[in-house]
Amino acid sequence: MNKQYRYRIILAVSLLMPFAFENTARAQTADTVRVPPMPSMQEIMKDWGPRDSTKVAAIWYGPDYGSFKMMPYTEESNIWISKLPPAQLEKVKKEWNRLRNAVYVCYPYARVAGATINQISRQLQGITDKKARKAIIKSKEKELKKQFSDPLSNLSVYQGKVLMKLIYRQTGADCYEIIREYKGGLNARVYQTVAFFYGSDLKQDYDIRKDPFDRQIEDFVQEINTTWYGNPYRPGQTTTF
């Protein structure tokens, strides 16, 4: 069994898998400081000298409306304060970075998957005819396969586990239950068996109160929500002051 096919089976949620970052930032209605329009590059460059050619990160910042200006900006690396021995701390940092990367890769897919699954559930409410239900599911499945089969096939088994946890977070159901509901019990059992042989499990739940791993995932999710989905200043987001 080749690598690409293996990962597709492990994730096994072809009908769940839409996505890329969707445009659903929350609007903010109030700010303590009114932000003036950012000047154009031509205006900014008027103050540059003949040798000002080094590009650096910058932010548009000011304590009040009349004193905003472009200021150099950089973020320092994380500082770790711990009583752990150096070798053990390095192991913790490595696991932290691995999980953070997995959440950043998988969360956009999980958001759209969750929205799609919930939409399908709403559409199927009150529909008892098997053919009609199957037609609704098939229409979404074909669209999602075409759009996301290739990127999702490149996920590792570890990333697949994180993705399934995030899908549970968005829908309140694990992937085994979702597949059983929409693809049938036999398909769910087959996918679960194959996943087991590759060290995974479709029955991934999500409980931040009891599971430290899930709590760490939630920390990274909130980090993404704050800096991206809930950030009114991100590129492409229109904000009215």
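Going by what an unreviewed UniProt entry lists, the protein is known as DUF4294 domain-containing protein and is assigned to Niabella pedocola.

Caption draft 1: Just the packing of helix α3 (residues 86–124) against helix α5 (residues 157–171), in detail. Their axes nearest at 7 Å, the elements α3 and α5 cross at an angle of 45°. Taken as axis vectors, α3 and α5 run oblique relative to one another. Relative to α5, α3 is oriented so that their crossing is right-handed. For the contact of α3 with α5, the residue count by class is 15 nonpolar, six polar and four charged.

Caption draft 2: Local environment of the side chain of Asp214. Along the chain, Asp214 falls in helix α8 (residues 212–229). Not counting the four nearest positions on each side in its chain, Asp214 is found in contact with Lys165, Asp205, Tyr206, Asp207 and Ile208.

Caption draft 3: The arrangement of the confidence of the model for the protein in detail. Predicted confidence across the protein gives a mean pLDDT of 75, with 72% of residues reaching 70 or more. Below pLDDT 50 for its whole length, residues 1–31 participates in 92 contacts with residues either more than four positions away or in separate chains.

Caption draft 4: Highlighting the layout of surface pockets. There is about 530 Å³ of room inside the largest pocket. Within the residue set of the lining of the largest pocket, elements represented by two or more residues are α2 (41–45), β1 (58–61) and β2 (69–72). No other element matches β2, which puts four residues into the lining of the largest pocket. Here the lining of the largest pocket is built from residues that sort into 10 nonpolar, two polar and five charged.

The rules behind each value
- Residues numbered from 1 in each chain as written.
- Predicted model: local features only at pLDDT ≥ 70, side-chain atom pairs only at ≥ 80, totals over all residues.
- Heavy atoms only, no water.
- Axes fitted to C-alpha atoms, helices over the stretch in contact; angles between N-to-C directions.
- Helix = DSSP H or I, 4+ residues; strand = E, 2+ residues; numbered from the N terminus.
- Parallel < 35°, antiparallel > 145°, perpendicular 65-115°, else oblique.
- Left-handed = near helix turned anticlockwise from the far one by under 90°.
- Nonpolar A, V, L, I, M, F, W, Y, C, P; charged D, E, K, R; others polar.
- Contact = heavy atoms within 4.5 Å.
- pLDDT = per-residue confidence, 0-100.
- 1 Å grid on protein atoms, 1.4 Å probe; cavity = no way out; pocket = protein on both sides within 12 Å on 5 of 7 lines; lining within 4 Å.
- Points joined across faces, edges and corners; volume = space filled by probe spheres on them.

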